[in-house]
Amino acid sequence: MRALQLVSHGTPGRFEYRDVATPQPGPQEVRVAVRACGLNRLDLWLEENGLPVRLELPRTPGGEVAGVVEACGSEVVGWKPGDRVAVQSNLYCGVCEFCVRGDESMCLNSLLLGVQCDGGFAEYCVVPARALVRIPDGLGDVDSAALTLAGSTAMHMLTDRTQVEEGQWVLVIGGASGVGSAAIQIARGLGARVITTASTPAKKAFCQQLGAEQVVDPADADWPALVRSATGKRGVDVVVEHVGGKVLEQVFHCLARGGTVVTCGATAGREIHLQVWPLFVKQQKLVGSYGRNRKDMVATLDWAAEGRLRASVDEVIPLERGAEAFERLRQRKVSGKLVLKP
Ligand SMILES: [Zn+2]
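Owing to the predicted nature of the structure, the values given are computational and were not obtained by experimental measurement.

## Considering the overall build of the protein chain
Here is step 1 of the chain: Within the protein chain, the secondary structure is distributed over 11 helices and 17 strands.
Here is step 2 of the chain: Overall, the C-alpha framework of the protein chain stretches about 60 × 40 × 35 Å when taken along its three principal axes.
Here is step 3 of the chain: Within the protein chain, the fraction of its 342 residues that count as buried is 54%.
Here is step 4 of the chain: Within the protein chain, counting contacts between residues at least 6 apart in sequence, those at least 24 apart form 70% of the total.
Here is step 5 of the chain: Here the protein chain has roughly 14600 Å² of accessible surface; of this, 49% comes from carbon and sulfur atoms.
Here is step 6 of the chain: Computing the positive centroid from 38 side-chain charges and the negative centroid from 38, the protein chain places the two 4 Å apart.

## Observations regarding the coordination of the zinc ion
Angles at a metal have ideal values that depend on geometry: 109.5 degrees with four tetrahedral donors, 90 or 180 degrees with six octahedral donors.
Here is step 1 of the chain: Around the zinc ion, the protein supplies Cys93 (SG), Cys96 (SG), Cys99 (SG) and Cys107 (SG) as donor atoms, at distances of 2.3 to 2.4 Å.
Here is step 2 of the chain: One can describe the donor arrangement at the zinc ion as tetrahedral, given that its four donor atoms subtend angles of 102 to 120° at the metal.
Here is step 3 of the chain: Look at where the donors of the zinc ion fall in the sequence and you get C-x2-C-x2-C-x7-C. Placement of the pair is Cys93 in the loop between β6 (90-91) and α2 (97-100) and Cys107 in the loop between α2 and β7 (111-112), with a sequence separation of 14 residues.
Here is step 4 of the chain: Taking the relative accessible area as the measure of exposure, Cys93 reaches 15% and is therefore buried.

## Looking at the packing of aromatic side chains
Two aromatic rings are characterised by how far apart their centres lie and by the angle between their planes.
Here is step 1 of the chain: All told, the structure shown has three aromatic pairs when counted by the stated rule.
Here is step 2 of the chain: Geometrically, the ring pair formed by Phe121 and Phe326 is edge-to-face, given 6.1 Å between the ring centres and 80° between the ring planes. In this pair, Phe121 sits in the loop between β7 and β8 (124-128) while Phe326 sits in helix α11 (residues 322-330), placing the two residues 205 residues apart along the sequence.
Here is step 3 of the chain: Classification of Phe121 by relative accessible area gives buried; the value is 0%.
Here is step 4 of the chain: Taking the centre distance of 5.2 Å and the plane angle of 65° together, the rings of Trp277 and Phe280 count as edge-to-face. With Trp277 and Phe280 both in helix α9 (residues 276-281) and three residues apart, this pair spans about one turn of that helix.
Here is step 5 of the chain: Phe280 sits in the partly exposed class, given a relative accessible area of 48%.
Here is step 6 of the chain: Ring-pair connections join several aromatic residues into one group, and the members of that group are Phe15, Phe121 and Phe326.
Here is step 7 of the chain: The residue whose ring lies beneath Arg270 is Trp45, and the NZ or CZ to ring-centre distance is 5.5 Å.
Here is step 8 of the chain: The ring of Trp303 is capped by Arg308, whose NZ or CZ atom sits 3.9 Å from the centre of that ring.

## Details of unusual backbone geometry
Both trends apply: most residues other than glycine have a negative phi, and most peptide bonds are in trans.
Here is step 1 of the chain: Here the residue pair Thr11 and Pro12 is connected by a cis peptide bond, since its omega of 5° sits within 30 degrees of zero.
Here is step 2 of the chain: Cis peptide bonds are those with omega within 30 degrees of zero, and the linkage from Leu57 to Pro58 qualifies with 0°.
Here is step 3 of the chain: Considering the arrangement of structural elements, one finds Pro58 in the loop between α1 (41-47) and β4 (64-72).
Here is step 4 of the chain: Even without a glycine there, the phi angle at Lys233 is positive, about 70°.
Here is step 5 of the chain: As for its placement among the helices and strands, Lys233 is situated in the loop between α7 (223-230) and β13 (236-241).
Here is step 6 of the chain: With relative accessibility at 70%, the residue Lys233 sits in the exposed group.

## Topic: the sheet that holds strand β11 (residues 193-197)
What links the strands of a sheet is backbone hydrogen bonding, and the strands pair in either a parallel or an antiparallel sense.
Here is step 1 of the chain: Spatial strand order, β12-β11-β10-β13-β14-β15: six strands in an open sheet with parallel pairing. Whereas interior strands pair on both sides, the edge strands pair on one side only; in this sheet they are β12 (214-216) and β15 (285-288). Across the sheet, the mean angle separating the axes of adjacent strands is 20° when strand polarity is ignored.
Here is step 2 of the chain: Alignment of strand β10 (residues 169-172) against β13, held across three bridges, turns out to be parallel.

## A look at the domain arrangement of the protein chain
Here is step 1 of the chain: Along its sequence, the protein chain is carved into domain 1 (2-149 + 292-341) and domain 2 (152-288).
Here is step 2 of the chain: Inter-centroid distance (C-alpha atoms) of domain 1 to domain 2 is 27 Å.
Here is step 3 of the chain: Between domain 1 and domain 2, the contact holds 26 residues from the first and 23 residues from the second.
Here is step 4 of the chain: Both sides of the domain 1 and domain 2 interface together cover about 1800 Å² of buried area, and 48% of this is carbon and sulfur.
Here is step 5 of the chain: Broken down residue by residue, the surface that domain 1 buries against domain 2 is led by Trp45, Trp303 and Arg310, which jointly contribute 25%.
Here is step 6 of the chain: In this assembly, domain 1 and domain 2 are joined by one salt bridge.
Here is step 7 of the chain: Two residues, Asp160 and Lys295, come together in a salt bridge whose shortest N-O distance is 2.8 Å.
Here is step 8 of the chain: Summed over the shared surface of domain 1 and domain 2, the number is 11 residue pairs in polar contact (both at pLDDT 80 or more).
Here is step 9 of the chain: Breaking the side of domain 1 that touches domain 2 down by element, the ones donating at least two residues are α1 and α10 (294-305).
Here is step 10 of the chain: For the side of domain 1 that touches domain 2, the element with the most residues is α10, which contributes six residues.

Calculation notes
Residues numbered from 1 in each chain as written. Predicted model: local features only at pLDDT ≥ 70, side-chain atom pairs only at ≥ 80, totals over all residues. Heavy atoms only, no water. Helix = DSSP H or I, 4+ residues; strand = E, 2+ residues; numbered from the N terminus. Buried < 20%, exposed > 50% of the residue type's maximum accessible area, 1.4 Å probe, protein only. Contact = heavy atoms within 4.5 Å. Areas by Shrake-Rupley, 256 points an atom, 1.4 Å probe, with all protein chains shown as cover. Lys, Arg positive; Asp, Glu negative; His and termini not counted. Charge placed at Lys NZ, Arg CZ, Asp CG, Glu CD. Donors = N, O, S within 2.8 Å, 3.2 Å for Na, K, Ca; no water. Tetrahedral: all angles 85-135°; square planar, octahedral: opposite > 155°, others 65-115°. Phe/Tyr/Trp six-rings, centres within 6.5 Å; stacked < 30°, edge-to-face > 60°. Lys NZ or Arg CZ within 6 Å of the ring centre and 35° of its normal. Pairing = 2+ DSSP bridges. Axes fitted to C-alpha atoms, helices over the stretch in contact; angles between N-to-C directions. Domains from an automatic or database assignment. Buried area = accessible area lost by both parts, 1.4 Å probe. Salt bridge = Lys/Arg side-chain N within 4 Å of Asp/Glu carboxyl O. Polar contact = N/O pair within 3.5 Å; in protein donor to acceptor, adjacent residues only side chain to side chain.

Here you go:
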């Protein structure tokens, strides 16, 4: 089969589009014929060797797979060739304490698809059958691939790690990004009022189309004050934060008493200064979020099939031009998602 493989780390890394052996499923695994696979910040971290896990090359990246079951291992039940599937990319063990209670995102033995094992930037990929989620009728492969990872990350942040309620104010950082664009729509769908940050007029217009009622420019030194004044100086109830660094420090200036900052990602820095005095006086929470549970995947795809969550696809790019897609995402010349198609 053909696959896009990372053969050496770097910024940019070196990719080869080449023939590799078609993977064979083990007893509890399935082989999925990939129809589309979304590109994510996680893929760039793999490219630049920026993850705190041991990485081996060559590696086929790609964790956001939409495809069709092509072959099933001998012990697989409930799936058959031809089933349309998305893949929960935090491949979980299914037997540890956390998996058993439905918190697969906390699995003690999880592997990242496309990082610690070969992913979906190929004609086929092999995954455990338990990681499959059915793609609902009415949801296309590209839309599924654009939402599976980023959309369910946002769903996990807004409905599991914190529960957004009707009428609350939600600040979404980086509203034009994959996670941000999904978070705006999910927060609106839950009945919240949304403020977001966006850095260009095009991104600002994009966020407004998704339902953000206020957009502030993060280049404005006083942007947290703009958020506060948009809420009548009260502050927001929830911040969806996926940048880290200084931005994560600043969002506390936007937060109401009793409010919650939910964070994942930390692209811009993994160490911050936290002002503990206002945190406890205002009884605020800082909550970590990682990956997604199966129920978040199911909810994301259902919302999408019902038209409550729209995939924001910037461009569908042929797999053989995948290296260009990595470059574009790194340059942040993207509104919504880049999706690769074998
Ligand atoms: Zn587990």
